[in-house]
Amino acid sequence: MEFTLTTRPLPEIDAPALAILAFSSLPPSPDFAGGVPKEMSDSGEFTAKPNETALIHLPQGLKARRLLLAGCGEQEKFTPAVMRQTGGVIARALQARSIQQAAVRLEDGVDAAMLRALVEGLITGGFEPDLYKTEKKNGGKLLERVELSVPAITPELEAAVETARITGEAQNWTRALVNEPGNVLTPRALAERARSMAEECGLACEILDEPRMRQLGFNTLLGVAQGSAEPPVLIVVRYTPAQPASQDHLALVGKGVTFDTGGISIKPSDGMEKMKYDMAGAAAVLGAMRALARLRPPVAVTAFAPCVENMPGPKAQRPGDIVKTFQGKTVEVLNTDAEGRLILADALTWAAREGCTHLVDAATLTGAIAVALGNLYAGAFSNDAAWQQRLLGAAARAGERIWPLPMDAEYRELLKSPFADLANIGGRWGGSISAAKFLEEFVEGKPWVHLDIASVAWLEENKPWMAKGPTGFPVRALVELALDWQQPSA
Ligand code: BES
Ligand code: ZN
Ligand code: ZN
């Protein structure tokens, strides 16, 4: 999607469609200045609630051929989050009419955060997961060009549009990757996608293959992979800043299970098809790298994506198998469906030993996180309150909802095994916390935050602002976290 910033006043904009924001709290307005036109509000057809739209053809006094009123609710409650959603609603309303070129007029008071939210909303709203459909939705006509008309152009607004465009496109890139089915996107195919992305963006890419990982002793990762005919990989993608602000080195670690059958502890078939999204963490860290390559923050960032397919093949690991992690602790695999923590254990230790100073992982790790938080929030777990606070701050600015959960030392007892150092499951209660406590054992004491994104990586139904399917969470938070890296941290 292409964007241009202009200062053309409302009547001068001659686009096929022109969108304006309408507020329910403003008095009716005859000249489309934010309030709902009187006839419309009298008719009750359009009340400017969020997600509501109305389309007027050949609006009087305007050059635009159509005017789209986008409801934004009460002006006092208008936040970047509402703006982002409205952007999505505008894109989808236009695409439903096969309109490919449009303008959005913004009145006074639009700042960089608002404009960024709008552009991200337009881009993510325009995404359709229809790669494999022969007949595309709306004849495949996507919104291509958008004029953003503002009262005055500033360098801050220009930068906001650029940042948002890059971030929104990275989020959609992640969504497309997550939507690839397990037969197409094997671990090696995912590595190839990462490699070509890195090449395109000027990032370094290294793929650790099975023999290499065997040599290094990534036994818990290899244990998960051994039930599949598809070999595992560890994808490593590096960004090095021209002028680093500090010696800090951020690691983004993403779970890349390209399909999770559960292994021998096999999952019920109902809904199993969705387990193609069990690589959403890997896709998100790679998507974040794609954006960071273009946005060039002053901090070194490396993505690590351990990728496997969890299958119950003839060589599959058995419940009760005991495996030694790269870090050295032994694990009793009581449930082969708790595979994410096994592959992440080795990857997190590798990231820490590679010299990364700050770790974040994103993983569709437990169904229990959706029991705890529903589908609005991802869960955050950390061994370092200050580091977690930085991530939560970045997520809030990026408009991604993340809620911190407890990590008291007593939870560690859930993971006791009679025969090994640790069990890979912690029993019925607090399932997301015991999973996080398991990961904590492998981060070598580095500041670390684990994001359990199983609750938010997949949208169950179409929304007026976004298509059903992969969401691309938490690409925006990860990008914002790195972009905000001004000061060397103590
Ligand atoms: N990939 C799943 C978690 C998941 C569940 C992601 C639902 C998305 C939607 C993970 O590997 C898993 O199977 N976890 C088990 C852990 C249990 C065996 C301790 C779970 O959540 O049931
Ligand atoms: Zn599983
Ligand atoms: Zn899984």
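Because the structure is predicted, anything quoted here is derived from the model rather than measured.

A.B. asks: I would appreciate a short explanation of the coordination of the zinc ion (ligand 3) in the present structure.
C.D. replies: Geometrically, a metal with four donors at the corners of a regular tetrahedron has ideal angles of 109.5 degrees, and one with six donors at the corners of a regular octahedron has ideal angles of 90 or 180 degrees. At 1.9 to 2.4 Å from the zinc ion (ligand 3) lie its protein donor atoms, namely K255 (NZ), D260 (OD), D278 (OD) and E339 (OE). For the zinc ion (ligand 3), the six donor atoms in the first shell make angles of 77 to 172° at the metal, a pattern classed as octahedral. For the zinc ion (ligand 3), the donor residues sit on a single chain with the sequence spacing K-x4-D-x17-D-x60-E. Between the zinc ion (ligand 3) and the zinc ion (ligand 2) the interatomic distance amounts to 3.2 Å, and D260 serves as a bridging ligand to the pair. Judged on exposure class, the residue K255 and its partner D260 are both buried.

A.B. asks: Just to check I follow, could you spell out the packing of helix α9 (residues 340–353) against helix α12 (residues 431–440) for this structure?
C.D. replies: A packed helix pair is summarised by two numbers, namely the angle formed by the two axes and the spacing between the axes. Packing of α9 against α12 leaves a shortest axis separation of 9 Å and a crossing angle of 30°. The angle between α9 and α12 falls in the class roughly parallel. Pair α9 / α12 crosses with right-handed handedness. The segment α9 lies against α12, with R341, L342, L344, A345 and L348 engaging A435, F438 and L439. Residues of the contact of α9 with α12, tallied by class, amount to seven nonpolar, no polar and one charged.

A.B. asks: Sorry, what's going on with the site of ligand 1 here?
C.D. replies: In the region of ligand 1, 16 residues are neighbours, and K267, D278, D337, E339 and G367 sit closest. At a separation of 2.8 Å, an oxygen atom of ligand 1 approaches a polar side-chain atom of K267. Within the side chain of E339, an N or O atom sits 2.8 Å from an oxygen atom of ligand 1. In the complex, the protein chains occlude 76% of the 520 Å² of accessible area that ligand 1 would expose alone. Partitioning the shell around ligand 1 into residue classes produces five nonpolar, four polar and seven charged.

A.B. asks: Can you walk me through the pairing of strand β6 (residues 145–149) in this structure?
C.D. replies: It is a general feature of regular strands that their side chains alternate between the two faces of the sheet. Among the five residues that make up β6, four are buried, leaving the element largely enclosed by the rest of the structure. Pairing between strand β1 (residues 2–6) and β6: five bridges, direction parallel. Residue pairing across strands places L5 opposite L148, the latter belonging to β6. The pairing of strand β5 (residues 101–105) with β6 spans five bridges and is parallel. By the bridge assignment, R105 is partnered in β6 with S149. Considered for its hand, the β-α-β crossover made up of β5, helix α3 (residues 112–126) and β6 is right-handed.

A.B. asks: How should I be thinking about the sheet that holds strand β2 (residues 18–22) in this particular structure?
C.D. replies: The strands that make up a sheet pair up through hydrogen bonds in the backbone, lying either parallel or antiparallel. Overall, mixed pairing links the six strands, which are arranged β1-β6-β5-β2-β4-β3 in an open sheet. The outermost strands of the open sheet, each flanked by one partner alone, are β1 and β3 (53–57). Ignoring strand direction, the axes of neighbouring strands in this sheet form an average angle of 25°. Most of the contacts of helix α2 (residues 80–95) go to strand β4 (residues 66–71), to which it runs at about 145°, and overall it touches β2, β3, β4 and β5. Along the sheet, helix α4 (residues 155–179) contacts β1 and β6; its crossing angle with β1, the most-contacted strand, is approximately 170°.

A.B. asks: For this particular structure, what's the right way to read the domain arrangement of the protein?
C.D. replies: Many descriptions give the size of an interface as the accessible area lost when the pieces come together. If you check the domain split of the protein, you get domain 1 (2–151) and domain 2 (169–483). Taken together, the contact between domain 1 and domain 2 spans 16 residues of the former and 21 residues of the latter. Summing both sides of the interface, domain 1 and domain 2 together bury roughly 1500 Å²; the carbon and sulfur share of this comes to 55%. Per-residue buried area on domain 1 facing domain 2 is highest for T124, F127 and Y132; these three make up 35% of the total on that side. Where domain 1 packs against domain 2, one counts two salt bridges. Here E120 makes a salt bridge to R476, at a shortest N to O gap of 3.6 Å. Inspection of the domain 1/domain 2 interface yields five residue pairs in polar contact (both at pLDDT 80 or more). Mapped by element, the contributors of at least two residues to the side of domain 1 that touches domain 2 are α2 and α3. Grouping the constituent residues of the side of domain 1 that touches domain 2 by class yields six nonpolar, five polar and five charged.

A.B. asks: Where do I start with unusual backbone geometry in this structure?
C.D. replies: Among all residues save glycine, negative phi is the norm, and among peptide bonds the norm is trans. The step from F473 to P474 runs through a cis peptide bond, and the omega angle for that step is -5°. Mapped onto the elements, P474 comes out in the loop between β20 (469–470) and α13 (475–483). Although it is not a glycine, N51 sits at a positive phi angle of roughly 80°. Position of N51 relative to the elements: it lies in the loop between α1 (38–43) and β3. Positive phi, normally seen in glycine, also occurs at L58, with a value near 40°. By relative accessible area, which is 68% here, L58 ends up exposed.

A.B. asks: Looking at this structure, I do not really get the coordination of the zinc ion (ligand 2). What am I missing?
C.D. replies: At this site the zinc ion (ligand 2) is bound by D260 (OD), D337 (O), D337 (OD) and E339 (OE), with donor distances of 2.0 to 2.2 Å. We note that the donor set of the zinc ion (ligand 2) lies within a single chain, spaced as D-x76-D-x1-E. D260 gets classed as buried once you look at its relative accessible area, which sits at 2%.

A.B. asks: What's the story with the side chain of E400 in this structure? I'm lost.
C.D. replies: Following the sequence through the fold, E400 ends up in the loop between α11 (385–398) and β16 (402–404). Within polar-contact distance, the side chain of E400 engages the backbone nitrogen of R476 at 3.5 Å. Reaching out from E400, the side chain makes a polar contact with the backbone nitrogen of A477 at a distance of 2.8 Å. Leaving out residues up to four positions away in the same chain, E400 has contacts with A395, G472, F473, P474, V475, R476 and A477.

A.B. asks: Explain α9 here, please?
C.D. replies: For α9, spanning 14 residues, the distance from its first C-alpha to its last is 20 Å, which sits close to the expected 20 Å at 1.5 Å a residue. Among the 14 residues in α9, 13 count as buried, and that is most of the element. Among the residues trailing α9, G355 stands out with phi positive, at a value near 100°.

Cut-offs and rules
- For every chain, the first residue of the written sequence is number 1, and numbering continues from 1 onward in sequence order.
- All chains are assigned letters beginning at A, and all ligands numbers beginning at 1, according to the order in which they are written.
- Note on the predicted model: pLDDT of at least 70 is required for a residue's local features to be given, and 80 or more for side-chain atom pairs to be given and counted; whole-chain, interface and lining totals, by contrast, use all residues.
- Excluding hydrogens and water, the side-chain values take into account all heavy atoms of the structure.
- Distances up to 2.8 Å from the metal define which N, O and S atoms are donors, and 3.2 Å serves for Na, K and Ca; water is absent from the atom set, so sites may look incomplete.
- Every angle between 85 and 135 degrees makes a four-donor site tetrahedral, while opposite donors more than 155 degrees apart, with all other angles between 65 and 115, make a four-donor site square planar and a six-donor site octahedral; other sites are irregular.
- Buried residues are those whose accessible area, probed at 1.4 Å on protein chains only, stays under 20% of the maximum for their type, while exposed residues exceed 50% and partly exposed ones sit between those limits.
- Axes here mean lines fitted to C-alpha atoms, for a helix over just the part in contact, with angles spanning 0 to 180 degrees between N-to-C directions.
- Secondary structure follows DSSP: runs of H or I at least 4 residues long count as helices, runs of E at least 2 residues long count as strands, and numbering of each begins at the N terminus.
- Under this scheme an angle from 65 to 115 degrees is roughly perpendicular, one under 35 degrees roughly parallel, and one over 145 degrees roughly antiparallel; angles in between are oblique.
- For any pair of crossing helices, the crossing counts as left-handed if the nearer helix is rotated counterclockwise from the farther one by less than a right angle, and right-handed if it is rotated clockwise.
- Only heavy atoms enter the contact rule, under which two residues are in contact if any of them lie within 4.5 Å.
- Lys, Arg, Asp and Glu make up the charged group, whereas Ala, Val, Leu, Ile, Met, Phe, Trp, Tyr, Cys and Pro make up the nonpolar group; the residues left over, Gly among them, are polar.
- If a single non-hydrogen atom of a residue is within 4 Å of a molecule or strand, that residue counts as near it.
- We define a polar contact as two N or O atoms separated by no more than 3.5 Å, with the added condition that, inside protein, one atom must be a possible hydrogen donor and the other a possible acceptor, whereas residues neighbouring each other in sequence contribute only through side-chain atom pairs.
- Computed with the Shrake-Rupley method and a 1.4 Å probe, the accessible areas treat only the protein chains shown as cover for residues.
- Two strands make a pair as long as DSSP finds a minimum of two bridges between them.
- Place the viewer so that the strands point away; then a crossover is right-handed whenever the path from the first strand over the helix to the second strand goes clockwise.
- An automatic or database domain assignment provides the domain bounds reported here.
- When two components associate, each loses some accessible surface as probed by a 1.4 Å sphere; the sum of these losses over both components is called the buried area.
- Within this document, salt bridges are pairs made up of a side-chain nitrogen of Lys or Arg and a carboxyl oxygen of Asp or Glu, the two lying within 4 Å of each other.
- Here a helix's expected span is defined as the number of its residues, less one, multiplied by 1.5 Å.

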